[in-house]
Structures are given as structure tokens and as C-alpha cells.
Amino acid sequence: MGILENLGLSGLGNSLSGLGSGLSNLKSNIDEQTGGLLTRLGEPENQADLVAAASLLSGEGIQASFALRNQVRSNLLANQQRRRQREGIEALKKRFANNPQIISLLDTNPSGVINALTTQAFAPPKQTTPLSAIGKIRQDLEKKLITEEDANLAIAKLTSTTGTTPNMQKGGSFKMEDGSVKNLFFDPSPGTGGYFEVVNGERKSVDVSKALPITEGFFTRTVPTFNDFSKLRKEVKADETSLKKYTSYLKNIQKSPTGVNRLGSELSTFYKNLFGKTAEERGLTESEVALQLAKGQIQGLLGASRLETVGGGVMTEQDALRVLRVLGGDVNLLQNEQVVQEAISTLFRDKFKAYEDKRKIHNISVENAYKAFGKINPLDIDSSLLTSSVASELGFERTTFPENLDSLTLQELNAIPTENLSIEQLGKLRDAFQKFFPKKDD
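Residues numbered from 1 in each chain as written. Predicted model: local features only at pLDDT ≥ 70, side-chain atom pairs only at ≥ 80, totals over all residues. Heavy atoms only, no water.

A. The overall build of the chain, seen in detail. Counting secondary structure elements, the chain contains 19 helices and 5 strands. By residue count, 30% of the 442 residues in the chain fall in the buried class. Working note: accessible area of the chain is about 29000 Å², and carbon and sulfur atoms make up 53% of it. (Helix = DSSP H or I, 4+ residues; strand = E, 2+ residues; numbered from the N terminus. Buried < 20%, exposed > 50% of the residue type's maximum accessible area, 1.4 Å probe, protein only. Areas by Shrake-Rupley, 256 points an atom, 1.4 Å probe, with all protein chains shown as cover.)

Rendered as C-alpha cells:
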């Protein structure tokens with residue numbers, strides 16, 4: 001029972017309802033008799049024209065009246081747009097009442113939802129072709145949603161020349177005559193079937209009459225599976241990049257000025273960049289370039305050294321400070337190049353040992369099964385950038401004569417090869433040895 005009925009005014013409610021219907025009918029009748037006059041007067045353009053006409057009749061000038069017309073028209077159109085958007089939002093909420101995600105987006109970003117739905121509604125239908133399907137398969141492979149073997153099998157089915165989708169299946173792994181290992185597929189179709197591989201999306205028949213079938217036991221005992229081998233190869237390449245970053249950073253730090261001279265280099269670089277009008281005037285010295293490169297490289301080393309220092313997860317500001325300390329400090333006036341060399345050499349040593357183990361396993365796998373990939377050669381390292389102790393521990397021979405012999409231990413001095421030293425260098429090495437064997441007083 002409604003409120004009006006509770007108050008004994010149900011008749012009043014009926015009267016008001018009847019009055020509303022009567023007014024609505026009256027408007028419709030007038031609109032029909034006048035050729036839609038009321039409808040036209042409800043349009044923003046016509047209402048703005050009426051306002052301009054009233055302004056002119058009241059004595060306002062033409063310029064002021066038309067300015068008022070434009071303002072009224074703009075406001076009316078904006079109101080109309082907002083009203084239609086509200087109506088559209090309410091309609092969408094009813095349509096997607098069971099989708100809380102879209103309801104939430106309509107409350108926070110209604111324009112974005114409407115634009116997205118409109119674009120989707122008027123977009124031409126996607127045509128699924130073998131080429132577009134292959135593209136989707138390759139995207140899934142890049143996102144690691146499927147394995148490379150499954151991707152090749154799916155592509156083979158799409159590019160089949162038999163006219164129908166054959167009953168293709170995984171054919172297993174075979175060690176070929178040249179020593180390479182191939183993961184093949186098998187097509188049991190009569191006449192056109194047999195073993196094949198997929199190369200760049202194209203099917204290529206393979207003769208396995210002289211090949212050796214490889215079982216899981218073979219891989220377990222000798223080499224990793226293809227997926228494990230691919231993962232190992234990526235890790236070796238990533239470690240190689242990290243090791244090169246370490247030595248490049250050390251090289252730039254050793255070329256950079258230190259202490260107050262570093263401040264002077266910073267000011268000089270700033271002045272040249274700000275006031276230099278030509279490329280020659282903005283040109284930097286070798287030490288200035290090295291300093292700027294080192295400042296950029298330290299940011300990259302923060303990420304490269306994060307796992308070894310603070311572990312995985314999101315790196316906090318405190319974690320970044322800890323990694324910086326492990327790297328020998330930030331590139332500023334107080335940074336000591338000897339501390340940096342010790343710190344980076346230690347990180348390099350640990351990374352290099354792990355890298356060498358992975359590289360050896362990789363090359364053994366290439367030798368036994370994956371010859372097509374080729375072995376990874378040892379890194380060409382300038383061992384003079386590292387501390388003598390680390391270079392000696394890793395088995396590197398120095399390629400240059402150390403500049404600061406006084407800082408070396410007796411073991412490090414013994415590790416310096418003397419075959420190609422000059423007379424002057426031999427004299428310096430002799431003097432360095434003498435501090436460990438002082439002369440006794442007579």
C-alpha cells in the first residue's frame with residue numbers, strides 16, 4: 001500500500017497521474033498541430049537563437065547579442081551531452097549488471113568505457129587466416145604460454161598442404177649424422193606423411209633412416225633437454241653481459257678524476273653544455289666523458305647486482321643503498337677508486353666462476369647434441385682492471401704493468417710475468433720486492 005493510500009488520499013494520486021497524462025497529451029497535440037514547433041524549440045540551436053532575438057529586441061547591440069547566443073548554445077550543448085552520457089551510463093549499468101569490473105569502471109572512468117565499447121562495436125570483424133593464426137601462435141611462444149615444440153606442431157598443422165588438418169603428432173628427438181639433435185614431428189598421412197621439422201614456419205621433410213632416436217634417458221644421462229639448454233644459453237649470455245658491464249665501469253672509474261678534481265670536471269661539463277654554442281665548444285675531455293659514463297653505468301649495475309646482494313622482489317631505497325655500498329659507493333667526490341676496484345673485482349670473481357661453470361656445461365651440450373648452436377668462447381678480459389689477487393685467483397695473466405706496485409702483496413708481485421718488462425719496469429718491480437726483504441743493519 002502506497003503513502004497516499006495510507007493517508008486516505010488515493011484519489012489525489014489518481015488525479016495527479018491523470019493531470020500528468022493530460023499535459024503530456026496536450027504537448028503532443030500542440031506539437032502535431034504546429035509541425036513539431038515544441039520539439040524544434042527544445043533544440044540548443046533554436047533556443048540560442050531565441051535568446052539572441054530577445055537580446056536584440058531589448059536594445060542590446062548585435063555583437064553582444066551574438067556573443068550571448070554563442071555562450072548559451074555552448075552551455076546547452078554541454079548540458080545535453082552530459083544528460084545523454086548519464087542516460088548512456090545508466091543503460092550500460094543495466095546491461096552489465098552482472099559484471100562488477102565494468103560497473104566499477106563506469107563509476108570511475110565512464111568516458112573511457114564508452115569510447116572502448118564504441119570502438120569495439122564499430123570495428124570490422126577480425127578475419128582468422130592461417131597467417132594471423134600463426135602470428136598468434138608466435139606471440140604465445142614469446143610470452144612463454146606454450147613450448148617451442150607445441151608452437152611448431154601447431155604451425156605445421158596450419159601450413160599443411162593436404163587440404164585438411166592431418167593427425168600430426170610429436171615424433172621425438174633424433175641425433176643426426178652430423179651430431180646435431182633435431183626435435184621432429186610425424187605425419188601419419190598415407191603417401192605424404194613421414195618425419196619433418198618446421199623451419200621459419202615451413203614444413204621440411206627429414207630422413208631419419210640413419211639417425212639415432214633419443215629417449216629421455218639419453219638426455220638425463222648426457223645433456224639437458226632442449227628447453228633446459230635454451231634456458232642455460234640465455235643465462236650464459238646474460239652473465240657475459242653483466243661481466244662486461246663490470247669491467248667497463250672499472251675502466252671509466254680509473255679514467256675519471258677523483259676528489260676535488262671530480263668536482264671540477266662536473267663544473268666544466270656543466271659549463272660546456274650550458275654555454276657551448278658549437279660542437280667543438282661543447283666537446284668533453286676523455287676524463288670528463290668517462291666520469292659521465294660511469295655515473296650512468298652505476299644505475300645499471302644496481303639492477304645487475306641486486307639478486308646477489310639483496311635477493312629478489314621489489315628493490316627498496318634501503319636495498320639500493322646496500323647495493324651501492326657493495327659496488328664501492330656512488331660516483332661522487334668521496335668515492336675512492338681503490339675501494340671501487342676491490343668491490344667490483346669481488347663481484348666480478350663470483351659472477352665469473354658461475355659463468356664459467358655454465359659455459360662449460362653449455363659447450364659440452366653443444367658437443368654432444370646441439371652442434372647447430374656453436375660453442376661460446378671465453379671472454380676477452382682486460383685483467384689489469386681487476387685487483388691482482390682476483391686476477392691471479394681466476395688464472396688471468398696481466399696484460400699491462402701495474403701502476404701502483406706498493407699496494408700489491410708479495411703473492412701478487414710474484415704473479416706478475418717478467419718476460420716482456422722493460423729495464424725500467426724490472427727496476428720498479430725489484431724495489432717493490434725489497435720492502436718485503438729489508439736489508440739488515442751491519
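Now that the structure has been shown, we can carry on.
B. Summary view of the sheet that holds strand β1 (residues 169–175). Pairing within the open sheet is antiparallel, and its 5 strands lie in the order β4-β3-β2-β1-β5. Each of the sheet's edge strands pairs with one partner strand only, and the pair in question is β4 (202–205) and β5 (212–214). Taking the axes of each pair of neighbouring strands and ignoring which way they run, one obtains an average angle of 50 degrees across the sheet. Here strand β2 (residues 181–187) pairs with strand β3 (residues 194–199) via 3 bridges, running antiparallel. Along β3, the bridge assignment pairs Asp-187 with Gly-194. (Pairing = 2+ DSSP bridges. Axes fitted to C-alpha atoms, helices over the stretch in contact; angles between N-to-C directions.)

C. Summary view of helix α16 (residues 337–368). Given a rise of 1.5 Å per residue, 32 residues ought to cover 46 Å, and the 45 Å separating the end C-alpha atoms of α16 matches this to within 8%. For α16, the N-terminal cap is Asn-336; the gap from its side-chain oxygen to the backbone nitrogen of Gln-338 is 2.8 Å. (Expected span 1.5 Å × (residues − 1). Polar contact = N/O pair within 3.5 Å; in protein donor to acceptor, adjacent residues only side chain to side chain.)

D. A nonpolar patch on the surface, seen in detail. A cluster of nonpolar side chains, Leu-263, Leu-267, Leu-333 and Leu-334, forms an exposed patch at the surface whose accessible area comes to about 420 Å². Secondary-structure assignment places Leu-267 in helix α12 (residues 259–275). (Patch = residues over 30% accessible without salt bridge, like charges linked within 9 Å, V, L, I, M, F, W, Y side chains within 5 Å. Salt bridge = Lys/Arg side-chain N within 4 Å of Asp/Glu carboxyl O.)

E. Focus on the pairing of β2. Relative to β2, β1 runs antiparallel, the two being bridged by 6 bridges. Bridge assignment links Phe-174 to a residue of β2, and that residue is Lys-182. Count of turn residues in the β1/β2 antiparallel hairpin: 5 residues, of which Gly-179 carries a positive phi of about 95 degrees.

F. Inspection of the nonpolar core at higher detail. Among the nonpolar cores identified, the biggest contains 29 residues, and Leu-243, Tyr-246, Tyr-249, Leu-327, Ile-344, Phe-348 and Tyr-355 are the most heavily contacted of them. Those elements giving two or more residues to this core turn out to be α11 (226–255), α13 (286–304), α15 (317–326) and α16. If one sorts the elements of this core by residue count, α11 sits on top with 7 residues. Apart from the residues within four sequence positions on either side, Leu-327 is in contact with Tyr-246, Ile-298, Leu-301, Leu-302, Ser-305, Val-340, Ala-343, Ile-344 and Leu-347. (Core = buried A, V, L, I, M, F, W, Y, C linked by side-chain atoms within 4.5 Å. Contact = heavy atoms within 4.5 Å.)

G. Representation of the packing of α11 against α13. Interhelical geometry of α11 versus α13 gives an angle of 145 degrees and a closest axis separation of 8 Å. Crossing hand, α11 versus α13: left-handed. Contacts between α11 and α13 involve Ser-242, Lys-245, Tyr-246, Ser-248, Tyr-249, Asn-252, Ile-253 and Lys-255 on the former and, on the latter, Glu-286, Ser-287, Ala-290, Leu-293, Ala-294, Gln-297, Ile-298, Leu-301 and Ala-304. A per-class count over the contact of α11 with α13 returns 9 nonpolar, 5 polar and 3 charged. (Left-handed = near helix turned anticlockwise from the far one by under 90°. Nonpolar A, V, L, I, M, F, W, Y, C, P; charged D, E, K, R; others polar.)

H. Representation of the packing of aromatic side chains in the model. If you walk through the whole model with that rule in mind, you get 10 aromatic pairs. Seen in terms of ring centroids, Phe-348 and Phe-352 are 5.7 Å apart; in terms of plane orientation they differ by 10 degrees. Their pairing is stacked. Residue Phe-348 and its partner Phe-352 are located together in helix α16, separated by 4 residues, close to a single helical turn. The pair formed by Phe-348 and Phe-352 is uniform in burial state, with each residue classed as buried. Between Tyr-370 and Phe-373, the aromatic rings sit 6.4 Å apart at their centres with planes inclined by 75 degrees, giving edge-to-face as the arrangement. (Phe/Tyr/Trp six-rings, centres within 6.5 Å; stacked < 30°, edge-to-face > 60°.)

I. Seen up close, the packing of helix α5 (residues 62–95) against helix α6 (residues 100–108). For the pair α5 and α6, the least separation of the axes is 9 Å and the interaxial angle reads 165 degrees. Relative to α6, the element α5 lies roughly antiparallel. Once α5 is placed against α6, the crossing between them reads as left-handed. Residues Ile-89, Leu-92 and Lys-93 of α5 touch α6, and the partners they reach there are Ile-103, Leu-106 and Asp-107. Of the residues belonging to the contact of α5 with α6, the class tally is 4 nonpolar, no polar and 2 charged. (Parallel < 35°, antiparallel > 145°, perpendicular 65-115°, else oblique.)

J. Main features of the environment of Gln-47. When you line up the elements, Gln-47 lands in helix α4 (residues 44–57). Measuring from C-alpha to C-alpha, the distance between Gln-47 and Leu-76 comes to 8.6 Å, with 29 residues separating the pair along the chain.

K. Summary view of the side chain of His-362. Examined against the element boundaries, His-362 turns out to sit in helix α16. Apart from residues no more than four positions distant in its own chain, His-362 is found in contact with Phe-229, Leu-232, Arg-233, Gly-374, Lys-375 and Ile-376.

L. A look at the pattern of salt bridges. Evaluation of the coordinates by the stated rule reveals 13 salt bridges. Here Asp-239 makes a salt bridge to Lys-358, at a shortest N to O gap of 3.1 Å. With Asp-239 in helix α11 and Lys-358 in helix α16, the pair connects residues that are 119 residues apart, well separated along the chain. Between Arg-359 and Glu-356 there is a salt bridge, with the nearest N and O atoms lying 2.8 Å from each other. Of this pair, Arg-359 and Glu-356 both sit in helix α16, separated by 3 residues, roughly a single helical turn. With respect to burial, Arg-359 and Glu-356 carry one shared label: buried. Ionic contacts of the salt-bridge type, sharing partners, join the residues Glu-235, Asp-239, Lys-351 and Lys-358 into one network.

M. Representation of the environment of Gly-329. Within the fold, Gly-329 resides in the loop between α15 and α16. On the accessibility criterion, Gly-329 (21% relative accessible area) is partly exposed. Each residue touching Gly-329, except ones within four places of it in the same chain, is listed here: Tyr-249, Ile-298, Leu-324 and Gln-335.

N. Expanded view of the pairing of β3. Both β3 and β4 contribute to a ladder of 4 bridges, which runs antiparallel. By the bridge assignment, Phe-196 is partnered in β4 with Ser-205.

Fair warning: the whole summary comes from geometry, so function is off the table for now.
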